Structures are given as structure tokens and as C-alpha cells.
Amino acid sequence: MLRRRGARGNGRVILQSLSIENYRNIEAARFEPGHELTVICGKNGQGKTNLLEAVWMLTGGRSFRGAKDAELIREGAEYAVLEGNAEGNGRESRIRIFVGGPPGGRKARGARVNGVDHGRAGNIAGIFAAVVFDPGHLSLIKGGPDGRRRFLDTALCQLYPGYVTLLRQYTRLVTQKNALLKQYPQARDAERLLDVFDEKLCECGAEVSRRRREYIERLEPEATGTYRDIAGGGEALALRFEPSCRDAAELARVLAESRRRDLAAGFCTAGPHREDFSIFIDGREAKRFASQGQQRSAVLSLKLAEAAGAKQVTGDHPVMLLDDVLSELDETRQAYLLNRMAHRQTIVTACDANLFGRTAGKICRMEGGNLMDS
Ligand SMILES: Nc1ncnc2c1ncn2[C@@H]1O[C@H](COP(=O)(O)OP(=O)(O)OP(=O)(O)O)[C@@H](O)[C@H]1O
Ligand SMILES: [Mg+2]
């Protein structure tokens, strides 16, 4: 069984401060969010999402916009450094993330926590827990299965450090098997080598699938309850996981049955790397029928459920990072969301801070990459 990360926390994760150097359009900034709501406001293209993304980088050195190193480092600079002070899992952590490096030096994204080198930034997943909503996540509803798998895997990686290793191992095996399928479909010993791969794939693949299934089971009641509340009780959300297998024995059968197809295609056509889940609103598939506001509400419900699930496992509610969250939501839905965010550290971006006028949040302004208290 995978161990959950760290000691039990005392209620919520808190980002105390974040120092930013040469990240995107931010040359230098120090961000000290409030312990509840913080609104980052500013006109389009000023760096609001960049700041939110910098906070998210502390979760493991990845961007929620899938950017390459060169895009994250400020134009003309050689590397970017982020240093955050956070509380969570019953301890304080000083997290330093590097992107890029001086010529000849180590280039990969690296991380240090409390002065200790952790190597790749991905290795620190779970130390600082956050959940992000960005308008790009609307593709969870309308987009392809890879985005939905990423949603499950990102959450699982934050919750269980062992899942990172498991998933890496599975992904590596699939890549290697794909190379074999592409290069040696006619080779005499290809079949035997493929059998060896399948044996290894079954063990870790079935475990990946099991963790995802358990996660969806945990997520669903919370997501459906949240959706009911966001929508004022009028609509019902449902999730349906489409697993590749129930266990390792079934995965072995699935892989054996797909062998001929795999050889013809030149890649693995079946297995957990092709899994998906469907989202329904009032019994109709959201992918095809949901309106803009319904899609947004469904994604928000998944994200809020993700955060609630993390609290159940770790004892701490993750920091909520909500990019441009209120647009397209009607007033009832906006009010519900703001109310739901109370007593959790939540950082939101908005062009118009007046939307948050009645909340007691801290307001910061972003202008051309310069961050100011308002
Ligand atoms: N590596 C980089 N170096 C310099 N500037 C960058 C870099 N990457 C992005 N930018 C700049 O950052 C700006 C976009 O910032 P961001 O996406 O945070 O805007 P925003 O305030 O969220 O705007 P909106 O309200 O439209 O969402 C763009 O002007 C872009 O050119
Ligand atoms: Mg933005």
C-alpha cells in the first residue's frame, strides 16, 4: 500500500511568503498573501496568472500551463528562482525552486527544502499542497482523456509520494514497449521481449488503475455535493471511471488480447495509459451537452472535491489558487464560491477587484510584473 505523505497537519496549508526572481514577466517580487482570501487584480497581460503559476511551482516545479523552461525564465535572464515559506503537514518548509541555470551548470528544474537538495523539483510533490483552477482546466470537460488522467495523477502524486515513482515506472515501461513495438515487430525474439514487458506492466499498471479508481470513488460524493450546492440544487453531477482492468490478472488478459493490434499500430493500444472518466450532468454527458457556466461549475466542483479529499487524507486543506474564476458564473454561483472559500487560504486573480468588494480579503495589484499592496 502507498503511504500518505508526512505527518498529519493541523487544518490547512498556508503560504506565508513567496519571493520571485526572473520568473515570466516578474523581475523581482515578494508576495505575502493573507491567511484567507487574497485577490490579485490588474489589467490583462500584467502578470496575475504568472504570480499564481509561481505559487503553484512550489508544489513540484511544474506549470499548470505546461510551459517549457525557456518560457518560465524572464526574457533576457538565465534562470528563475522561487522561494516560498509554507506551513503544512505539521511543519514549516522553506522551498526553493530553480528553473534553468548558468551556462555549463545544471539545467533541470531543481528543488531545495530547508536547505536540503532534493534533486528534481518533481521529487518534492506533497510538501506544499495546492489545488489550482485555471480556465485551461475547462478542457477537463471538453478535451481529450489525457487531461482527465493528468487531473487524477496530479492529485494522486500530491497525496502519495509513492505514486510518483509508480507512475514514472509505468510510463517508462510503456515508452520502452512502444519503442520495441515500433522497431522490432518482425524480430524473432520480439514476442518474448513483449511478454517480459507485459509481465512488468501488469504489476504497476494494475496498481495505477486501482489508485485512480479509489480516488474517483473518494472524489465523487464530494464533487456531486459541491455541484448541487453551486447549482442551487437544480442539477446533478455524476462521474464514471472507465478502468482498463480490475486487477493485474485482468490487465494481463487485456494486454494479451491487444498484442496483434499493438504490433500493427506500433504502440501499446490498451492499458491504464488509455484510461478515462466521464462526467455527466443530469444524466447527459457533459462533454457534449454542458453550457459554459455548467462546464465551469463542474470543473470547480472537481477541484473543490480534490481539495476536500486532500484534507481527508493529510489533515490539511490545500491552498486554493483560482485563476479568473468568477467569470461566466451567475451571482448565486459566485456567492456560493466566495462563501465556500472562507477559512481556507485562497488566492484568486481578477481584472475587476470590485467582484470581491464585499469580502474581507487582502487585495494586491499587479502591473507590468510589479506587485503592490492595494
Ligand atoms: N518568459 C517571459 N519573459 C517575459 N515576459 C513574459 C514571459 N512569459 C510571459 N510573459 C509576459 O507575461 C504577460 C502575461 O502575464 P499573465 O498571463 O500573468 O497575464 P494576466 O495578468 O494573467 O492577464 P489576463 O488578465 O489577460 O489573464 C504577457 O505580457 C507575456 O508577454
Ligand atoms: Mg491571466
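Since we're looking at a predicted model, the values are computed, not measured.

Focus on helix α9 (residues 292–314)
Residue pairs spaced three or four apart in an α-helix point in one direction, given the helix's 3.6 residues per turn. Between the first and last C-alpha of α9 there are 33 Å, a value that for 23 residues agrees with the 33 Å anticipated at 1.5 Å per step. For α9, the buried fraction is high: 20 of the 23 residues fall into the buried class. Immediately beyond the C-terminal end of α9, within one or two residues, lies Gly315, with a positive phi of roughly 90°.

A closer look at the sheet that holds strand β17 (residues 370–373)
For sheets, the rule is that strands pair by backbone hydrogen bonds, running either parallel or antiparallel. The six strands lie next to each other as β9-β14-β15-β4-β16-β17, forming an open sheet whose pairing is mixed. In this open sheet, the two edge strands, each paired with only one partner strand, are β9 (130–133) and β17. With strand direction ignored, the average angle separating the axes of adjacent strands in the sheet is 20°. Packing against the sheet, helix α1 (residues 48–57) makes contact with β4 (37–41), β9, β14 (319–322), β15 (346–350), β16 (362–367) and β17, and its axis sits at approximately 160° to β15.

Looking at the domain arrangement of the protein
Reports often express the size of an interface as the amount of accessible area lost when the parts come together. One can read the domain layout of the protein as domain 1 (1–129 + 321–374) and domain 2 (133–317). Taken over C-alpha atoms, the centre of domain 1 sits 26 Å from the centre of domain 2. The interface is formed by 40 residues belonging to domain 1 together with 36 residues belonging to domain 2. Between domain 1 and domain 2, a total of about 3100 Å² is buried, with carbon and sulfur atoms accounting for 52% of that surface. Applying the counting rule to domain 1 against domain 2 returns two salt bridges. Residues Arg333 and Glu235 are paired through a salt bridge, measuring 3.7 Å at the closest nitrogen-oxygen approach. Of all the secondary structure elements, the ones that give two or more residues to the side of domain 1 that touches domain 2 are β1 (11–12), β14 and α10 (331–340). Among the elements that take part in the side of domain 1 that touches domain 2, α10 stands out by supplying four residues, more than any other. Of the residues in the side of domain 1 that touches domain 2, the class split is 16 nonpolar, 11 polar and 13 charged.

Procedures and definitions
- For every chain, the first residue of its written sequence is number 1, and the numbers climb from 1 along that sequence.
- Each chain gets a letter, beginning with A, and each ligand a number, beginning with 1, in the order they are written.
- With pLDDT at 70 or above as the cut-off, local features in this predicted model cover only qualifying residues; side-chain atom pairs require 80 or more to be listed or tallied, and sums for whole chains, interfaces and linings still use all residues.
- Side-chain metrics rest on all non-hydrogen atoms present in the structure, leaving aside hydrogens and water.
- The way it works is that DSSP assigns letters per residue, a run of H or I at least four long becomes a helix, a run of E at least two long becomes a strand, and they are numbered from the N terminus.
- Every helix has an expected span of 1.5 Å times one less than the residues it contains.
- Throughout, exposure labels follow a simple rule: accessible area from a 1.4 Å probe, protein chains only, divided by the maximum for the residue type, with under 20% read as buried, over 50% as exposed, and the rest as partly exposed.
- When DSSP finds two or more bridges between two strands, those strands count as paired.
- Think of each axis as a best-fit line through the C-alpha atoms, taken over the contacting stretch in the case of a helix, with angles from 0 to 180 degrees between the N-to-C directions.
- The contact rule is simple, with two residues in contact once any of their heavy atoms fall within 4.5 Å.
- Just so you know, the domain bounds were taken from an automatic or database domain assignment.
- We define buried area as the total accessible area lost by two parts upon association, computed with a 1.4 Å probe and summed across both.
- Whenever a carboxyl oxygen of Asp or Glu lies within 4 Å of a side-chain nitrogen of Lys or Arg, that contact is scored as a salt bridge.
- Lys, Arg, Asp and Glu make up the charged group, whereas Ala, Val, Leu, Ile, Met, Phe, Trp, Tyr, Cys and Pro make up the nonpolar group; the residues left over, Gly among them, are polar.

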